[in-house]
Amino acid sequence: MAHNILIVGGGLAGTIVANGLCRQLGPDLRTGAVSITMLGTSDTHMYQPGLLYLPFGRIREQELFREQRKVLDRRVNFLVDPATYIDTDNNQVSTESGKTFGYDYCVLATGSRIMPQNIPGMQEGAHQFYDLDGARKLRDALDKFEGGKVVVNVNAPHKCPVAPLEVTFMMYELFQHKGILDKTQITYTYPIGRLHALEPVAHWAKGEFDRYGIHYQTFFNTAEVDPQKQTITSEEGDTYDYDLLVTIPPHQGAQVITDSGINKAGWVPTGRYSLAYEGTTNVFVVGDTTNLPISKAGSTAHFEADTTIDNLVSLVKEGRWARDYDGKVFCFIETGLQTGTYVWFNYQTPPNPGPPSEMIHWFKLAYNRMYWLSARGLL
Amino acid sequence: MAERQTIDARGSFCPGPLMELIAAIKNIEVGDEIEVLSSDKGSANDIPAWAKKVGHEVVENNERDDHWSITVRRAK
């Protein structure tokens, strides 16, 4: 029996799944017993974590992009034709061009997106670095910045949960190099009652903030930004003035998830071990797309994709389940422009980050290039 | 009748139960409820602390066998 595998979304998670399946199902792809189709939204693949470095001049724009066709195994039928409706009752997906694609197995990898427009004034009054345009504008703003009040504002939910701390430490070092630290006050705001979701990271960050003189405000969930008065106010009732506001906007899942009636906020209800869309046995969910209570990060996408590859191959070849996902997440943490550390955890194992070192920072810089091997399923 | 949804945040170290609640409460109607299941005993304190600060109502806060169940009603 032939198997059609349809991957909806061409970001990191979908790409790893597609390439990993090709590596394991070569003979079946050759005979036509299996076909793999990917519905993407762009012909370009972006290395999203690289955006953190762009405002600091530490990465060149062209390093962030590759042609998606070249990142994908040539045996994947890749189409830039965004999905508009996912019909899991009838095992089919409709697209923008008006086509309908049937499947035997489907992988939902539609990702997440920033929604600054969900908070009044945020789009007009705040900088962000979660897309290319935002990172470029922040680079210009940092170039011109000559001191004043800086607010780094974090909103829930967001992906890459260490990026807000990283950008804070990197800005501190930048201002130090520019000789404007004495004219600058950085304030960091965070939604919950500590400085990071991970308790050991929060504990470490508090020590560093105290040492550097970085102010912080916990329990701060943004209600509005006033671009004219240059103020930001929280649901909890705190207001800060700013000269430069760098925000991590709230995120949502893809519109197609909402439009398909799967979930209002765009996060697909997902089995925490099986990674199957709840209520189905042939639809899998990977990357930011899940509603799982774990970090939305590239490493999460990678580990989920590895699990899903094993399960899909096993289902196709042997008609049986291979293994469960254990909730694993791994994150590098840049602790400045010269040092870094890392943290990993899963559903059972709490995080325990080690001391920052130059070596880990260099490894992160090396990973910035090795990413493409990861997307190809080689790493 | 208020609707109630459950977030199973057991075993969630990051973003954690409170962050899950903060993200989810934006998507429910005023008067509806979210039950958060957490294996972190800190949730029994920090979820009510946040709810009080922002003005939402804690409906239940129970310790079960191996986890805590905290239900919050959106008040505004």
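Because the structure is predicted, anything quoted here is derived from the model rather than measured.

Q: Explain the overall build of chain A residue by residue, including any values.
A: Of the regular secondary structure elements, chain A holds 10 helices and 21 strands. At 21 Å, chain A has a C-alpha radius of gyration in line with the 21 Å of a compact globule built from 379 residues. C-alpha atoms of chain A, sized along the principal axes, occupy 70 × 40 × 40 Å. Of all intrachain contacts in chain A linking residues separated by at least 6 positions in sequence, the fraction that spans at least 24 positions is 64%.

Q: Outline helix α5 (residues 132-144) of chain A, listing residues and values.
A: Residues and elements named next belong to chain A. The terminal C-alpha atoms of α5, which comprises 13 residues, lie 19 Å apart, in line with the 18 Å expected from a rise of 1.5 Å per residue. All buried positions along α5 are accounted for by Gly134, Ala135, Leu138 and Leu142. The buried residues of α5 occupy an angular sector of 95 degrees when the element is viewed end-on, so they sit on one face. The exposed set on the far side of α5, more than 90 degrees from its buried face, consists of Asp133, Asp140, Asp143 and Lys144. Residues of α5 that are buried make contact with α6 (163-178) and β17 (244-248).

Q: For unusual backbone geometry, give the residues involved together with the corresponding values.
A: Ala156 of chain A connects to Pro157 of chain A through a cis peptide bond whose omega is -5 degrees. Structurally, the position occupied by Pro157 of chain A is in the loop between β11 (148-154) and α6. Residue Cys14 of chain B is joined to Pro15 of chain B through a cis peptide bond whose omega torsion reads 15 degrees. Secondary-structure assignment places Pro15 of chain B in the loop between β1 (4-8) and α1 (17-25). Residues other than glycine seldom take positive phi values, yet Cys160 of chain A does so here, at roughly 50 degrees.

Q: So what's going on with the domain arrangement of chain A? Residues and values would help.
A: Residue and element names in this part refer to chain A. By domain assignment, chain A separates into domain 1 (3-111 + 254-329) and domain 2 (116-248). The C-alpha centroid of domain 2 is placed 32 Å from the C-alpha centroid of domain 1. Listed by partner, the interface residues are 10 residues for domain 1 and 15 residues for domain 2. Looking at the side of domain 1 that touches domain 2 residue by residue, the class counts come to 7 nonpolar, 1 polar and 2 charged.

Q: Describe the confidence of the model for chain B, listing the residues and the values that go with them.
A: The pLDDT averaged across chain B works out to 93; a share of 99% of its residues lies at or above 70. Scoring the predicted complex yields pTM 0.95 and, for the interface, ipTM 0.93.

Q: Residue-level account of the nonpolar core, with values.
A: Formed by 77 residues in total, the largest nonpolar core has its most connected members in Phe129, Val150, Val167 and Leu245 of chain A together with Leu21 and Ile47 of chain B. Residue assignment places this core across two domains, with domain 1 (3-111 + 254-329) and domain 2 (116-248) of chain A each supplying three or more. Non-local contacts of Ile47 of chain B, meaning those with residues more than four positions away in its chain, are made with Pro17, Leu18, Leu21, Val36, Ile70 and Val72 of chain B. Within the second largest apolar cluster, 47 residues are counted, among which are Ile16, Val256, Trp267 and Ala305 of chain A.

Q: Summarise the sheet that holds strand β6 (residues 83-87) of chain A; cite the residues concerned and give the values.
A: Strand-to-strand pairing in sheets goes through backbone hydrogen bonds, with the strands running parallel or antiparallel. All names here are of chain A. The strand order across the open sheet built from 3 strands is β6-β7-β8, with neighbouring strands paired in antiparallel fashion. The open sheet has two edge strands, β6 and β8 (100-102), and neither has a second partner. Taking each pair of neighbouring strands and ignoring which way they run, the sheet shows an average axis angle of 20 degrees. Bridge count between β6 and strand β7 (residues 92-95): 4 bridges; the pairing is antiparallel. For Ala83, the partnering residue across the bridge sits in β7 and is Thr95.

Q: I'd like a rundown of the sheet that holds strand β2 (residues 34-40) of chain A, residues and numbers included.
A: Residues and elements named next belong to chain A. Pairing within the open sheet is parallel, and its 5 strands lie in the order β5-β2-β1-β9-β19. The open sheet has two edge strands with one neighbour each: β5 (77-80) and β19 (283-285). Between one strand axis and the next, the sheet turns through 15 degrees on average, direction left out of account. The sheet strands contacting helix α1 (residues 12-24) are β1 (3-8), β2 and β9 (105-108), and the helix crosses β2 at an angle near 165 degrees.

Q: Before we move on, can you summarise the packing of α1 of chain B against helix α2 (residues 43-54) of chain B with the specific residues and values?
A: All names here are of chain B. Packing of α1 against α2 leaves a shortest axis separation of 9 Å and a crossing angle of 30 degrees. As judged from the angle between their axes, α1 and α2 are roughly parallel. Between α1 and α2 the crossing geometry is right-handed. Contacts between α1 and α2 involve Pro17, Leu18 and Leu21 from the first element and Ser43, Asp46, Ile47 and Trp50 from the second. A class-by-class count of the residues in the contact of α1 with α2 yields 5 nonpolar, 1 polar and 1 charged.

Q: Describe the interface of chain B and chain A, with residues and values.
A: Every contact between the two is made by 19 residues of chain B and, on the other side, 24 residues of chain A. Residue composition of the side of chain B that touches chain A, by class: 12 nonpolar, 4 polar and 3 charged.

Q: Give me the packing of α1 of chain A against helix α9 (residues 298-318) of chain A: which residues, what numbers.
A: All names here are of chain A. Contact pair α1 / α9: the axes reach a minimum separation of 8 Å and the direction vectors enclose 35 degrees. Here the hand of the crossing between α1 and α9 comes out right-handed. Together, Leu12, Ala13, Ile16, Val17, Gly20, Leu21 and Gln24 of α1 and Gly298, Ala301, His302, Glu304, Ala305, Thr308, Ile309, Leu312 and Val313 of α9 make up the contact between the two elements. The residue inventory of the contact of α1 with α9, partitioned by class, reads 10 nonpolar, 5 polar and 1 charged.

Q: Describe in detail the environment of Thr15 of chain A, supporting the description with residues and values.
A: Residues and elements named next belong to chain A. Note that Thr15 resides in helix α1. Owing to 29 C-beta atoms within 10 Å, Thr15 belongs among the buried residues under this scheme. Taking the C-alpha atoms as reference points, Thr15 and Ala197, 182 residues apart in sequence, are found 28 Å from one another. If we skip the residues at most four places from it in the chain, Thr15 touches Gly10, His45, Val71, Leu72 and Ala375.

The rules behind each value
- Every chain's residues receive numbers from 1 upward, in the order its sequence appears when written.
- The lettering of chains begins at A and the numbering of ligands begins at 1, in the order of writing.
- Predicted model: local features are reported for residues with pLDDT of at least 70 only, side-chain atom pairs are reported and counted for 80 or more only, and whole-chain, interface and lining totals are derived from all residues.
- Strands are runs of DSSP state E lasting at least two residues, helices are runs of H or I lasting at least four, and both sets are numbered from the N terminus onward.
- In this treatment the radius of gyration is a C-alpha quantity, and the globule benchmark scales as 2.2 Å times the residue count to the 0.38 power.
- Once C-beta atoms have been placed from the backbone, residue pairs whose C-beta atoms lie within 7 Å are recorded as contacts.
- In a helix, the anticipated span is given by 1.5 Å times the number of residues less one.
- We call a residue exposed when 12 or fewer other C-beta atoms sit within 10 Å of its C-beta, buried when the count reaches 20 or more, and partly exposed for counts in between; the C-beta positions come from the backbone.
- This arc describes the spread of directions from the helix axis toward the C-beta atoms.
- Domains are outlined according to an automatic or database domain assignment.
- Ten residue types, Ala, Val, Leu, Ile, Met, Phe, Trp, Tyr, Cys and Pro, are classed as nonpolar, four, Asp, Glu, Lys and Arg, as charged, and the remainder, Gly among them, as polar.
- Residue-level confidence of the predictor, termed pLDDT, takes values from 0 up to 100.
- As used here, a nonpolar core is made of buried Ala, Val, Leu, Ile, Met, Phe, Trp, Tyr and Cys residues. They are joined through C-beta atoms within 7 Å.
- Each pair of strands is called paired provided DSSP finds at least two bridges between the two strands.
- Fitting a line to C-alpha atoms yields each axis, with helices limited to the stretch in contact; the angle taken between N-to-C directions then spans 0 to 180 degrees.
- Convention used here: angles under 35 degrees read as roughly parallel, angles over 145 as roughly antiparallel, angles from 65 to 115 as roughly perpendicular, and any remaining angle as oblique.
- For any helix crossing, the convention is left-handed if the near helix is rotated counterclockwise from the far helix by under a right angle, and right-handed if that rotation is clockwise.

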